[in-house]
Every structure is written in structure tokens, then in C-alpha cells.
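Now for the letters of each chain:
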Amino acid sequence: MAPASALDFQWDRLEQLVSRDRLQTQSASFSHLRISHRDQRVFALAARKLDGEAVDFNEALRALREAVDELIPAGRTFLLGDTEFGPIIGSIISGVGIVPGEDGVLVVQVGRNGHTTTLGRLSR
Amino acid sequence: MKATFGFDPAACDYGPATAAVRSILTEWAAVDWFSPPRTDPHQDLAVQLFREHNEKARVHQPDLFPVNIEVQQQRGDWEGFGALCKQVRAHTDWDWKFSALKQLSHRHSKALGWNLKDQGRRPQPHETRDAPHTGHLFARIGAHALKTLGWKMKAQARQPQEFGALLQPGDLFARVGDGAFWTISPQLNLSDTVPGDQVEFAQWYMSYANMDFIECIEWQLAEKSDSLDANPFLPLVRCYVAGFYPFSLGRSAFSLYTLA
């Protein structure tokens, strides 16, 4: 089951944390994010697969899954929780995943305490 | 500290490997995380279990699992546990979980032709019954959803949406769009009992330990069998059940740490 804490998603809080300007200027390398090098590589590869195009969440999921498959043997992606816009899918180790947003696919981190913070944007 | 799953494995149906998966889930739920072993004999048991794990893994992947391994027992406090976590996290040339265990799981599933996507294509119990029940292999979310039930407490109040969740207690996977994703995860609040400065280490360690249980389950799903005899992950996860926490100090050097 998805951790109960991960379900305590607070979209209002997320929106407060998201700065659209910050998201639009982020590097596609994800190296500026405070996430593991392994996660950086996965999300950078997924972003490259999307080629900066606006995509729906299913396309983003496919890119993420392919990136995990290519970079991690027996890599697994997990359903970490959900939001009113859709599920959070990502790493159960780090809690970093993607979620559909109102105007693009976001990279978020589900903390052990259940709080979710937006780290950036995977696609337009 | 025992984690909770929120469902009874005995009520779940996991296909041809149902009994084995139920057994693994039951053992997973029985782990008393980060508690001292109750009796000394556990120490011998843990070393035996770890050696059994290595031998069974070696049968499948002799290149990844050496013939001779050094397994030492170590008893200490939380600071010692944190120091070991730091030590193995600092390794840059060796990562036991990614270099050995995940490879073992990956190659086994591949050899048996098992993958999430293919498994998801098979008719699942909830596709053939009127009402969903616990223990379906898959929940479906998204465009391919068959039913919309809402997602646990908060989501149940919502109107069904494109991503309206169908997750049932005991589901191992969820399908979102055309992809399938693992979903099972134990729930445990470590901050209640673990010293504050060690919580992050405990969480880190437990996340990888939980992955071993998931590898153990996937092994059985790939085998499509209830026989657990050859599953190399089972003796490994039983180390956790015994209260010992394996650390790989190198390719052939392991420490089984236990909290005093």
C-alpha cells in the first residue's frame, strides 16, 4: 500500500511552495536539486526523453519508467501517494517522484512525515 | 517497532504463488525493527541465515556472490549503527544492493520472463468478479480504470476522476495508464523510538531492507510457485526478523549488526 503519510498530500501547501519562475528557469540536469546523484540521473534522462515538450502524465510516466529501467537494474517505481490531479510515482527509497500538475508534470518529494514538496518541473 | 500494512495477507490472493507471498508478507510484518534480539541464539541463526542467502544466491549468480564470505557479528548502540550506515554510504566502488541484490533479482525475473507489464496483461481477479476485494495483484488507475472507488480516506470523498484510485488493501501493484508500479510499503513511525539524530539513518536502512522483502516477493511471483526453498532473499530477510541488520563492507565482507 502507499504509505498513509504519503496520502496526506496538501496541494495548497504545494502551490505555495512552487514558484513558477523558479520552475521555468531550472536546469534540465536536476543537479541543483537536493536529491541523490542517482535520482538526478534518472530525472535528467526522463526529461531528455521528453525533449522539453509538453506532455501528458502518461508520457512522462513512460519516460520515467524507461529511465529507471535503463539506469538501474531491477529498478522499480512506486506509487507513493496521490493528489487531486493524479498519483505520485517515484522512488520509495528517496520519495522523489513525479505528479501531474495543472500545467505540467512536476517533480516532488514525499517526505517521511508525509509532507510533499515540489522540487521542480519535469516537463512543460 | 512493528510496521503495519493495513491488511491481512491471509485474505489476499496472489495467483500461483499466493501461499508463498502470504508467508513473506507475514514475516515482513513480524519484523520488530531495531529491537534487540530476544535471545543470544539468534546470533548463530543470523549468521547461518546470511550464509544460506549467499549460497542460494550464488547458485543463480556465481559471479556476484563469492564462494567465501566473511560474516561478523557486531553488537552496539545507535551510534554504532549510524557509523556503519555512514561507512557503507561512503563506498564509491561497491554498492551491495545495486551491484549484487538488484542484479540477482533482475536477472532472475528476466530469465523467467517475468515483468510487471506482462503480468498486468493477464486477467486479474478484480476483472472477473463483481466486487473488488483484498489482495488483488493489481489496482488500476487512470484511463484503463475498470472501476472507481476513491483512494482511502481523503480520496474517498472525491468524485471519481481520471486518476481515481482503485487500490485495495493488499494490492502489490497499481497500474497507471499503460504502466504498472509497485505500491506495497510498510508504515512505521521511527521517530517515536529511534534517537533523533539517528532517524535518518534508520529510515535509509529500512528503505533498502524493505526492498529486500520486495525482491523476495518478486522472486516468488516470477517462479509462480509456493515453494520458497530456492528463494535466496528469504534467508536474507529472515536476518531482519531475527533482529540482525546486514551491512556489506565489501564484496565478501559482511557485518550483522544488532542493537544491544
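Refer to the structure printed above.
Predicted model, so just to flag it, every value in this text is computed and none were measured.

### A look at the overall build of chain A
Move 1: A tally of helices and strands in chain A yields five helices and five strands.
Move 2: Listing the helices and strands of chain A from first to last along the sequence gives α-α-α-α-α-β-β-β-β-β.
Move 3: Residues classed as buried in chain A amount to 58% of the 124 residues present.
Move 4: Within the structure as shown, chain A displays about 5300 Å² of accessible surface, and the carbon and sulfur contribution to it stands at 44%.

### Details of empty space enclosed by the protein
To find leftover empty space, one rolls a probe the size of a water molecule over the atoms.
Residue and element names in this part refer to chain B.
Move 1: What the rule picks out here adds up to two cavities of 30 Å³ or more.
Move 2: If you go around the second largest cavity, the residues you meet are F50, H53, N54, L64, F65, P66, W94, W96, A100, R251 and F254.
Move 3: At the level of elements, α2 (41–60) and α4 (96–111) are the ones that each hand at least two residues to the lining of the second largest cavity.
Move 4: Tallied by class, residues from the lining of the second largest cavity come to eight nonpolar, two polar and one charged.

### Let's talk about helix α4 (residues 37–50) of chain A
Move 1: Compared with the 20 Å implied by 1.5 Å per residue over 14 residues, the 20 Å span of α4(A) between its first and last C-alpha is a close match.
Move 2: Looking at the buried side of α4(A), the elements it contacts are α5 (57–71), β3 (96–101) and β4 (104–110) of chain A.

### Observations regarding α4(B)
All names here are of chain B.
Move 1: The first and last C-alpha atoms of α4 sit 21 Å apart over 16 residues, in line with the 22 Å expected at 1.5 Å per residue.
Move 2: At K102, α4 is deflected by roughly 35°, the largest bend along its length.
Move 3: Taken residue by residue, α4 has W96, K97, F98, A100, L101, K102, L104, S105, H108 and S109 as its buried positions.
Move 4: Among the residues of α4, the N-terminal cap falls to D95, whose side-chain oxygen and the backbone nitrogen of K97 are separated by 3.2 Å.
Move 5: Downstream of α4 by one or two residues, G113 has phi in the positive range, about 70°.

### Concerning the packing of aromatic side chains
We describe a pair of aromatic rings using the distance from one ring centre to the other and the angle between the two ring planes.
Move 1: For the structure on display, the rule yields 23 aromatic pairs over all chains.
Move 2: Ring centres of F81(B) and Y257(B) lie 6.1 Å apart, and the angle between their planes is 55°; this geometry places the pair in the tilted category. Of this pair, F81(B) sits in helix α3 (residues 78–89) while Y257(B) is found in strand β6 (residues 253–259), placing the two residues 176 residues apart along the sequence.
Move 3: Since its relative accessible area comes to 0%, F81(B) is described here as buried.
Move 4: Feature note: the residues W28(B), W33(B), F34(B), W78(B), F81(B), Y205(B), F213(B), Y240(B), Y245(B), F247(B) and Y257(B) constitute an aromatic cluster, connected by ring pairs.
Move 5: One residue, R38(A), lies across the ring of F98(B), its end atom 3.4 Å from the ring centre.
Move 6: We note R89(B) situated over the ring of W204(B); from NZ or CZ to the ring centre the distance is 4.9 Å.

Procedures and definitions
- Residues numbered from 1 in each chain as written.
- Chains lettered and ligands numbered in written order.
- Predicted model: local features only at pLDDT ≥ 70, side-chain atom pairs only at ≥ 80, totals over all residues.
- Heavy atoms only, no water.
- Helix = DSSP H or I, 4+ residues; strand = E, 2+ residues; numbered from the N terminus.
- Buried < 20%, exposed > 50% of the residue type's maximum accessible area, 1.4 Å probe, protein only.
- Areas by Shrake-Rupley, 256 points an atom, 1.4 Å probe, with all protein chains shown as cover.
- 1 Å grid on protein atoms, 1.4 Å probe; cavity = no way out; pocket = protein on both sides within 12 Å on 5 of 7 lines; lining within 4 Å.
- Points joined across faces, edges and corners; volume = space filled by probe spheres on them.
- Nonpolar A, V, L, I, M, F, W, Y, C, P; charged D, E, K, R; others polar.
- Expected span 1.5 Å × (residues − 1).
- Contact = heavy atoms within 4.5 Å.
- Bend = angle between axes of the 7 residues up to and from the residue.
- Polar contact = N/O pair within 3.5 Å; in protein donor to acceptor, adjacent residues only side chain to side chain.
- Phe/Tyr/Trp six-rings, centres within 6.5 Å; stacked < 30°, edge-to-face > 60°.
- Lys NZ or Arg CZ within 6 Å of the ring centre and 35° of its normal.

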